[in-house]
Every structure is written in structure tokens, then in C-alpha cells.
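The lines below spell out each chain.
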Amino acid sequence: MDNENRNEAVLGDQLQVRRDKLAQLQAEGRDPFVLTKFDVSADSQQIKDNFDALEGTRVTIAGRMMSKRGMGKVSFCDIQDKAGRIQLYARKDEMDEDDYNRFKKYDIGDIVGIDGEVFRTQRGEMSVRAKKITLLCKSLLPLPEKFHGLTDKELRYRQRYVDLIVNPEVKRNFVIRSQFIKFMRDYLDGMGYIEVETPVLNTIAGGAAARPFITHHNTLDIDMYMRIATELPLKRLIVGGMDRVYEIGRIFRNEGMDPKHNPEFTTVELYQAYADFHDMMDIAEGIISGAAQKILGTYDVQWLGESISLAPGWRRLTMVDAVKEYVGVDFGAITDDAEAVAAANAVGVELADAAEKTWGNALYACFDQKVEEKLVQPTFITMYPVEVSPLTKRSPLDPRLTERFELFVCRSELANAYSELNDPIDQRHRFEKQAEQRERGDDETEMLDEDFLTALEYGMPPTGGMGIGIDRAVMLLTGADSIRDVILFPTMKSLPNDK
């Protein structure tokens, strides 16, 4: 018998043994699955943090048995709960004998409740001396082996519940994620923002250049799109007089997957009347640097092999200046479209086939292909070409450019912000340009949204708006090199036997 078949046979035996134990418990009237509640008075960390005060007192704890070792009339095991692990000490002559004998038959992975006394063993280990042990849930599948563990990353993402059990350190990322979102909410609430909710299903996919997911509403008999951004509904609220709004929500884009992209991800979008993109830069820096200091206790983080300083005072650089500094081409001195395209080609930059051969597209292509990969420390790149910014207000100093920035850290975009376009006539022209590109086969361009144009015609005040990718911000704070490490249930390809 080869190793694979031998392992399957062993696993099959283990599964049967556990089911037999469950059947025996049920026959004895001790079915663990009928229990509805267990009162817990302390967790493992509370006991350790307050050991001197709790030593000698009774506590009730509950958790999963992660290891078990016995020496006849004395047994030890490690109990894992939400806060960590603590040792359980069980002695036959200190418990009901039948209760102790049943406990001896429990398996690693079973969930138990313990009524016991806080004490320290002769070896100095903080422990709970059991007086009564209750089986709260029978684990019918064995956990991965202790030393081999759950190391297959694909399997870890598919079975996050097992990953969290056997690799409890991964929980840190999701605790930090929760803390970051709370910090961000508090920050914006403190500035007078109102958190709102907008539709996930829409008849038009707008607010971003992305391919949407399409679904169908049976009653209305219409196709609908899962949102690719929350921008356009939120700006409608600015028109309606809600001067400071934000939404933290799931976004869905029918695009490829890689370490920085998942088809569904989380953003915060915020809009502030009577503000511009400079105000948005201050907010982005305040949220991310403030969260680092509050949650991590430092501005210094390690991410993607780089040492990053998130200390306030981040660099702000126009796209023209960035291309001049990193590529050596001064688009500020170029006024002709053909000359701009030739300058880009001369440094090995090719424009996409669908792109118009314009000064703005040439500038953006140089940045995208030659500069972005060199931005390691936090940097705001500002003043984007109008061709790639269909919802952004033009610069009063140069109508080829818009008042837009993207925040880059370690070669990754973390935020995107505008001085929002509020001219409905200009907005219509830009939507029409996008529509022309869509007709030429670019299905990631903006759709023309007549209702949004109607809203703008009622009048939207000068407004600053921004989106921050929460998943990437959490990657930065946790040092994660894959977006799947900060999303509890990332999108996965179906397995052949999935139903």
C-alpha cells in the first residue's frame, strides 16, 4: 500500500472512531449537540493578565482541545479560545470519576467547557484545575497534524475556519483590519461626516473604469450590474445637501486575480462639499498614518520587502514632475500630441492600441510603465491627464490636466481622489468620449448615466472626493504580501467536486 492510500485508510479509521464515540454518547443520553449554552466567566488571556487576583478562584472557560497528554490519573491539555491558549489540568480524584473517564476519551478538536480553579502547576504553568468538564461539541474531523499543519495556501484560503484553528496567528490580520475600519470611522465621524449606504445593484455600472458583473432581476425582467464603485450615488447626495458623506462597502469588478486584486473587495469612498483634492490628501495621510500609530504603535512598517515610513509629511509630486524625475522626459515643455507620443516611444513606452495618440495619454503611459514601479515611500502623484480622469475637474492652470491624485506606497495604489467635476456640460462630453471608446470594444470604460447628469444640472458645489482601498491599506499595516491574507473568504476557483 502506498503512502497516499495508507493515509486515506488511517483517516477513514479516525473518522469512524469519532462517529462511534458520538453514537455512544448519544445512546447514553449525552448528545453534545443538544446543549444550547455554556456560561463563560473568563478567557485565557484574562486569566493570565489577572492571575494574581484570580489564583485560587473558580472560573468557567470554554474552547477547543488542541493537545492532550495523560499520565494515568492525571491529564493535561491545551485549550484554545478566542484570546489564546491555556493549560487544563484534570485529576481523577478531584473530579467525578465517570466524568473524568469520559474526558479521557475526548479527541483533539473537541470543544469543551471547564468549571475549575485557577492555579499554577509545579512547573510554574498558569492553568485551570478542572472540577467538571462538559463536552460542548464533538469534532468529527481530525485537525491537521501538529507539525505539518495546514500549510497549503490554497487549502488555507478555502478552509479559513481550519486555518484560524491551527494557525491562530493569522487572526492578527483580521483583528488589525477591524481596528483599521473602526479608526477610519471614528476619524471621519469626528470630522462631521455621515456614513450612508447606496445600492449594490444598479441599472448602470458607473464611477470607475472596470468590467462589471451582470445579473438579472426576474420580476423587473432587466439585467443589472453589481456596483463597481459607490461614487455616483454618493455625489448625488452631495447635490442633495448632505455635505459630508462616506460609505464603507463591498465593490465587485469582473477582472483578473493576483496578489493585489480580488473580484470583490472593500473600499471607503468619501465626499466633502466645498473641499478639493488637497483636502483629500490631508485626510488620506491622516487616516493611514494615524491608524499605524494607533494600532501598531509606530509609523515604521515592513511591506513587500521594503521598510516604509508612514510618518506624516508624505511627498506630493505632479505626474509631469514624476515623469521628468524618473524617466527624463519633460512633458511640461511639450505641447504637441505627435511630439509627446514620439517622446514616449523614444523611452520604450508604447500606447495601448485603443488609446488616442494624445499628449495626455502619452504622459500617463510613461508614468504607468516607467514610474509607478519606482514609488516605494508614500507618495501622492497629482495632476492626471483629463483622458484618464473622466469624473475630475480640470486644472484652471492647464486644461489638459485634472485635479486628481493617486496615493502610492511600495509600488501599489492605495487611494484615488479628485476635485470632483461639477460642470454637467463638460461631464456629458466626457461620458460621450467614454461611450465612443466602449463602442470601439473597450468594455471597461464609463457608461453614460443620464440621471447623474440630471443631478449635476441641479447644481453640485465644489467637492473633494476620495476612495481608499481598505484591503490594500490592511496589507500595508499587516505586512501581508497577498490580498487573500487580509480577506477572510477570498474568491477561489471551484474544485471539480464542488456542487
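Cut-off values and rules
Residues numbered from 1 in each chain as written. Predicted model: local features only at pLDDT ≥ 70, side-chain atom pairs only at ≥ 80, totals over all residues. Heavy atoms only, no water. Helix = DSSP H or I, 4+ residues; strand = E, 2+ residues; numbered from the N terminus. Buried < 20%, exposed > 50% of the residue type's maximum accessible area, 1.4 Å probe, protein only. Contact = heavy atoms within 4.5 Å. Areas by Shrake-Rupley, 256 points an atom, 1.4 Å probe, with all protein chains shown as cover. Lys, Arg positive; Asp, Glu negative; His and termini not counted. Charge placed at Lys NZ, Arg CZ, Asp CG, Glu CD. Pairing = 2+ DSSP bridges. Core = buried A, V, L, I, M, F, W, Y, C linked by side-chain atoms within 4.5 Å. Arc of directions from axis to C-beta. Salt bridge = Lys/Arg side-chain N within 4 Å of Asp/Glu carboxyl O. Expected span 1.5 Å × (residues − 1). Axes fitted to C-alpha atoms, helices over the stretch in contact; angles between N-to-C directions. Parallel < 35°, antiparallel > 145°, perpendicular 65-115°, else oblique. Left-handed = near helix turned anticlockwise from the far one by under 90°. Nonpolar A, V, L, I, M, F, W, Y, C, P; charged D, E, K, R; others polar.

A.B. asks: Talk me through the overall build of the chain; I want residue IDs and the actual numbers.
C.D. replies: Along the chain, the regular secondary structure elements total 15 helices and 18 strands. With the C-alpha coordinates aligned to their principal axes, the bounding extent of the chain is approximately 90 × 50 × 50 Å. Taking all 499 residues of the chain together, the buried fraction comes to 47%. Sequence-distant contacts in the chain: of pairs separated by 6 or more residues, those separated by 24 or more amount to 64%. Surface exposure of the chain reaches about 24600 Å², of which carbon and sulfur atoms provide 50%. For the chain, the distance from the average site of its 64 positive side-chain charges to the average site of its 84 negative ones is 9 Å.

A.B. asks: With reference to specific residues and values, describe the sheet that holds strand 7 (residues 201–202).
C.D. replies: With antiparallel pairing, the 3 strands of this open sheet are ordered in space as 7-9-8. This sheet does not close on itself; its edge strands, each paired only once, are strand 7 and strand 8 (214–217). Bridge count for strand 7 against strand 9 (residues 222–226) is 2 bridges, and the pairing is antiparallel. Bridge pairing in strand 9 links leucine 201 to methionine 226.

A.B. asks: Just give me the short version of the pairing of strand 11 (residues 264–273), but keep the residues and values in it.
C.D. replies: The buried count for strand 11 comes to 9 of 10 residues, which makes it a mostly enclosed element. When strand 11 meets strand 18 (residues 463–469), the two strands line up antiparallel, connected through 7 bridges. Bridge pairing in strand 18 places glutamate 269 opposite glycine 467.

A.B. asks: Please give an account of the nonpolar core that cites residues and values.
C.D. replies: Membership of the largest hydrophobic core comes to 74 residues, with the highest contact counts inside it found for Val323, Phe331, Phe405 and Met466. With 9 residues, helix 9 (residues 277–296) is the single largest residue contributor to this core. Ignoring sequence-local partners within four residues, the contact set of phenylalanine 405 consists of Phe277, Met280, Met281, Phe380, Ile381, Thr382, Tyr384, Ala415, Asn416, Ala417 and Met466. Judged by nonpolar contacts, the second largest core, of 23 residues, contains Phe51, Ile61, Ile79 and Val118.

A.B. asks: With reference to specific residues and values, describe helix 10 (residues 319–326).
C.D. replies: All buried positions along helix 10 are accounted for by Met319, Val320, Ala322 and Val323. The buried residues of helix 10 occupy an angular sector of 165° when projected down its axis, which confines them to one face. The secondary structure elements touched by the buried residues of helix 10 are strand 14 (315–318), helix 12 (359–371) and strand 15 (379–385). In the segment just after helix 10, glycine 328 is the residue with positive phi, at about 90°.

A.B. asks: So what about the pattern of salt bridges? Which residues, and what values?
C.D. replies: Tallied over the entire structure, the rule returns 32 salt bridges. For lysine 138, the salt bridge goes to aspartate 107, with nearest N and O atoms at 2.5 Å. Here lysine 138 is found in the loop between strand 5 (126–137) and helix 5 (153–158), whereas its partner aspartate 107 is found in the loop between helix 4 (97–104) and strand 4 (111–120), with 31 residues between them in sequence. You can call lysine 138 buried: its relative accessible area is 3%. Residues joined in a network through salt bridges with shared partners are Lys21, Asp107, Asp110 and Lys138.

A.B. asks: Go over the environment of glycine 348 with me, naming the residues and quoting the values.
C.D. replies: Position of glycine 348 relative to the elements: it lies in the loop between helix 11 (337–346) and helix 12. Placed 319 residues apart in sequence, glycine 348 and glycine 29 show a C-alpha to C-alpha distance of 77 Å. If we ignore the near neighbours within four places in the chain, the residues touching glycine 348 are Gln369 and Lys370.

A.B. asks: Describe the pairing of strand 12 (residues 300–303), listing the residues and the values that go with them.
C.D. replies: Here strand 12 shows a buried face lined by Val301 and Trp303 and an unburied face lined by Asp300 and Gln302. The sheet contact formed by strand 12 and strand 13 (residues 306–309) spans 4 bridges and is antiparallel. Paired with valine 301 across the strands is isoleucine 308, a residue of strand 13. Between strand 12 and strand 13, which pair antiparallel one after the other, the connecting turn spans 2 residues, and leucine 304 there sits at a positive phi close to 50°.

A.B. asks: Describe in detail helix 12, supporting the description with residues and values.
C.D. replies: Over its 13 residues, helix 12 runs 17 Å from end to end, which matches the ideal 18 Å to within 8%, given 1.5 Å per residue. Within helix 12 the residues assigned to the buried category are Trp359, Gly360, Asn361, Ala362, Leu363, Ala365, Cys366, Phe367 and Val371.

A.B. asks: Residue-level account of the sheet that holds strand 16 (residues 401–409), with values.
C.D. replies: One open sheet holds the 8 strands; their spatial order is 6-10-11-18-17-16-15-14, and the pairing between them is mixed. Each of the sheet's edge strands pairs with one partner strand only, and the pair in question is strand 6 (194–195) and strand 14. Pairing geometry for strand 15 and strand 16, over 6 bridges, is antiparallel. Residue pairing in the sheet places tyrosine 384 in a bridge with threonine 402 of strand 16.

A.B. asks: Go over the packing of helix 10 against helix 12 with me, naming the residues and quoting the values.
C.D. replies: Viewed as axis vectors pointing N to C, helix 10 and helix 12 meet at an angle of 55°, and their least axial separation amounts to 10 Å. Between helix 10 and helix 12, the interaxial angle falls into the category oblique. Our pair here, helix 10 against helix 12, has a crossing hand that is left-handed. From helix 10, Met319, Val320, Ala322, Val323 and Tyr326 reach across to helix 12, where they touch Trp359, Leu363, Tyr364, Cys366, Phe367 and Val371. Across the contact of helix 10 with helix 12, the residue classes tally to 11 nonpolar, no polar and no charged.

A.B. asks: If you had to explain the packing of helix 8 (residues 231–239) against helix 14 (residues 450–458) to someone new, which residues and values would you point to?
C.D. replies: At a minimum axis distance of 9 Å, the contact between helix 8 and helix 14 shows a crossing angle of 25°. By the angle between their axes, helix 8 is roughly parallel relative to helix 14. Judged by the twist between their axes, the crossing of helix 8 over helix 14 is left-handed. Contact residues: Leu232, Lys235, Arg236 and Val239 in helix 8; Asp451, Phe452, Ala455 and Tyr458 in helix 14. In the contact of helix 8 with helix 14, the residues fall into 5 nonpolar, no polar and 3 charged.

A.B. asks: Quick rundown of unusual backbone geometry? Include the residues and the values.
C.D. replies: Here leucine 304, not a glycine, exhibits a phi torsion of approximately 50°, which is positive. Relative to the elements of secondary structure, leucine 304 occurs in the loop between strand 12 and strand 13. A relative accessible area of 30% places leucine 304 in the partly exposed class. Residue methionine 383 is not a glycine yet carries a positive backbone phi of 60°.

Such coordinate-based values are descriptive only and should not be taken to indicate function.
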